[in-house]
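These are the residues of each chain, in order.
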Amino acid sequence: MRRVVLVDAGGANLGSVRYALRRLGVEPVLACDAEAIRLADRVVLPGVSTAATVMGRLRELGLVETLRGLRQPLLGVCVGMQLLFEHSEEDDTACLGLLPGRVRRLRAGEGLRVPHMGWNRLRPLRGDPLLAGFAGGDHAYFVHGYAADVTADCIASTSHGREFAAVVRRGNVMGAQFHPERSAGAGARLLANFLQVDP
Amino acid sequence: MLARRIIPCLDVRDGRVVKGVRFRDHVDMGDIVELALRYRDEGADELVFYDISATPQGRSVDRGWVERVSAQLDIPFCVAGGIRDVDTARAVLHAGADKISINSPALERPALIGELAEAFGVQCVVVGIDSLREPDGEWRVRTHTGDPDRMRAPKVRTLDWVVEAQRLGAGEIVLNCMDSDGVRRGYDIEQLRAVRALCSVPLVASGGAGEAAHFEAVFREADVDGALAASVFHSGKLRIPELKRYLRGRGVEVRDD
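Note that the structure is a prediction, hence the values are computed from the model and not measured.

Draft legend 1. Broad picture of the sheet that holds strand β5 (residues 87-88) of chain A. Residues and elements named next belong to chain A. Here four strands make up an open sheet; going across it, the order is β6-β5-β7-β11 and the pairing mixed. Strand pairing shows two members of the sheet lacking a second neighbour, β6 (93-94) and β11 (146-148), which therefore form its edges. Here β5 runs beside strand β7 (residues 102-105); their pairing, made up of two bridges, is parallel. Counted as the bridge partner of Ser-88 is Val-103 from β7.

Written out as structure tokens, the structure is:
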């Protein structure tokens, strides 16, 4: 059994991510110390909160350099994915900088509500083992007001007013803007792929 | 394109799902987890659990069942009922709820909305509004609607409260139109349209669904993001797969099964 660590940075969806992994037969370990995270085979950084709150907590815990130095697969979820980038417009927050790019606010408009809340379709941009089994047009559950721009590391995008990064991957660094733990079959597939993927 | 959400609402009392007509005469509908999974299998996009016994009895939601639901459910769910401070909200969210909905406590102390938005982000904060048309033609809010003997009318216009709740940090509004609740004659399109015009966050319609055409009407005519219903689903009168086929056939974007 692989050792999967969930980084406990105060994100409110810790419980649901833990249960989603359990449904896949994995018992994740909740950890907020550098040693436990370094020893993991897989690291998940969840986050339902604001970018500044989670970054502040990671700094307090002394985990910023730990996360930057990981070689094993790392999956950021929702705000956890946004933190992988260089900067978030949300409270003008400097992030982990593991991926080049910026996180910007989604704009409300005619028929477009912010936060972007609900089921929307994924558009795969290139083949990747993290997206094995995705047909294109799969629905995933999103809840967010900020989103990362589509960059070279974006492997699936979604549109809400503008096209934004829904799934990213650069080597061992991966992220999902949607909530795999609440995205029914598509979410379970992404998590299962993450558990299988080679770094 | 964002799919319109179909949201069964499960009223919870003392750990069981119940349903009443016009908020009275509650009937036992079954076990929470069993019903939650049945709706998930049928294609529900989200579930809302209202602990209707929590606010009138002055206690907060029982987290045991939240954890039981979260362990098994892989679609989002929102918990409402008796959440009146950040610590309680955190406990419910940590037990696995995706969102929390506040109603009476938000009207009693509007600053609560901002405190929750600050702590968890606006996307977790749903403001539920029970609204009634009064004899002067204005829509006004009601609180403590879980128990008819304790229901209160705080003299707040619904439309004013919709604006204020968003300003304070509501990430979603659920508007329950009490005049149409439980009687299955359709959603209150007029009121929902008026609220939609003032609502830039997601808006969920509640109260009055009786057949598939009511859902199409509320999505088309009131442009709501989600439609919540209880008795029409609980009674088996309308099945979600059938409802989604109907909506898809009429060009309403819904999530694939």
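Draft legend 2. Representation of the interface of chain B and chain A within the structure. Counting from both sides, the interface comprises 41 residues of chain B and, opposite them, 31 residues of chain A. Carbon and sulfur atoms supply 51% of the area buried between chain B and chain A, which totals about 2900 Å² over both sides. The largest contributions to the chain B side of the interface with chain A come from B:Leu2, B:Asp74 and B:Gln123, which together make up 22% of the buried area. Scanning the region where chain B abuts chain A turns up six salt bridges. Seen at the junction of chain B and chain A, the total is 19 residue pairs in polar contact (both at pLDDT 80 or more). The set of elements that each furnish at least two residues to the side of chain B that touches chain A consists of α2 (63-72), α3 (86-94) and α5 (111-120) of chain B. Among the elements that take part in the side of chain B that touches chain A, α2(B) stands out by supplying four residues, more than any other.

Draft legend 3. Molecular detail of the UniProt feature "active site" (unreviewed entry) in chain B. All names here are of chain B. UniProt's feature table lists "active site" (unreviewed entry) at Asp-11 and Asp-130, given in the numbering used throughout. A maximum C-alpha distance of 14.3 Å among these annotated residues, which run over 120 residues, shows that they cluster at one spot. Of note, Asp-11 is situated in strand β1 (residues 5-13). The residues touching Asp-11, leaving out its near neighbours within four places in the chain, are Arg-16, Val-17, Val-18, Lys-19, Tyr-50 and Ile-52.

Draft legend 4. Quick peek at the sheet that holds strand β2 (residues 29-31) of chain A. Residues and elements named next belong to chain A. Across the sheet, which stays open at both edges, the eight strands sit in the order β2-β1-β3-β4-β14-β13-β12-β9 with mixed pairing between neighbours. Since the sheet does not close on itself, it has two edges, and those belong to β2 and β9 (123-124), each with one partner. Bridge analysis of β9 against strand β12 (residues 154-160) gives two bridges, and the strand direction is antiparallel. From the neighbouring strand, Arg-123 faces β12, where its bridge partner is Ser-157. Across the sheet, helix α1 (residues 14-23) touches β1 (4-7), β2 and β3 (42-45), and the angle it forms with β1 is around 165°. Running at roughly 140° to β3, helix α6 (residues 184-196) makes contact with β1, β3, β4 (74-77), β13 (162-170) and β14 (173-176) of the sheet.

Draft legend 5. Quick look at unusual backbone geometry. The omega angle of the peptide bond from A:Val114 to A:Pro115 is 5°, so this bond is cis rather than trans. Along the polypeptide, A:Pro115 turns up in the loop between β7 and β8 (116-121). A positive phi is found at A:Asp92, a non-glycine position, where the angle reads about 50°. Within the fold, A:Asp92 resides in the loop between β5 and β6. Judged by its relative accessible area of 60%, A:Asp92 falls in the exposed class. Backbone geometry at B:Asp223 places phi at a positive 50°, although glycine is not the residue there. With respect to the helices, strands and loops of the structure, B:Asp223 is situated in the loop between α8 (212-222) and β11 (226-229). Taking relative accessible area as the criterion, B:Asp223 reaches 24% and is therefore assigned partly exposed.

Draft legend 6. The arrangement of the UniProt feature "active site" (unreviewed entry) in chain A in detail. Residue and element names in this part refer to chain A. UniProt records the feature "active site" (unreviewed entry) for Cys-78, His-179 and Glu-181 in the present numbering. The largest pairwise C-alpha distance within this set of annotated residues, which runs over 104 residues, is 10.8 Å, so the set is compact in three dimensions. The subset of the named residues that lines the largest pocket consists of Cys-78. Note that His-179 resides in the loop between β14 and α6. Looking at the secondary structure, you find Glu-181 in the loop between β14 and α6. Assessed through its relative accessible area of 1%, Glu-181 is described here as buried.

Draft legend 7. Inspection of the pattern of salt bridges at higher detail. Across all of its chains, the model carries 44 salt bridges over all chains by this definition. A salt bridge links A:Glu27 to A:Arg22, with the shortest nitrogen-to-oxygen separation between them at 2.9 Å. A residue is classified by how much of its surface remains accessible, and A:Glu27, at 46% relative accessible area, is partly exposed. Members of the salt-bridge network, linked through shared partners, are A:Arg113, B:Arg4, B:Arg196, B:Asp223 and B:Asp225.

Each value, and the rule that gives it
- Residues numbered from 1 in each chain as written.
- Chains lettered and ligands numbered in written order.
- Predicted model: local features only at pLDDT ≥ 70, side-chain atom pairs only at ≥ 80, totals over all residues.
- Heavy atoms only, no water.
- Pairing = 2+ DSSP bridges.
- Helix = DSSP H or I, 4+ residues; strand = E, 2+ residues; numbered from the N terminus.
- Contact = heavy atoms within 4.5 Å.
- Buried area = accessible area lost by both parts, 1.4 Å probe.
- Salt bridge = Lys/Arg side-chain N within 4 Å of Asp/Glu carboxyl O.
- Polar contact = N/O pair within 3.5 Å; in protein donor to acceptor, adjacent residues only side chain to side chain.
- UniProt positions renumbered as here; feature names shortened; annotations may be inferred.
- Axes fitted to C-alpha atoms, helices over the stretch in contact; angles between N-to-C directions.
- Buried < 20%, exposed > 50% of the residue type's maximum accessible area, 1.4 Å probe, protein only.
- 1 Å grid on protein atoms, 1.4 Å probe; cavity = no way out; pocket = protein on both sides within 12 Å on 5 of 7 lines; lining within 4 Å.

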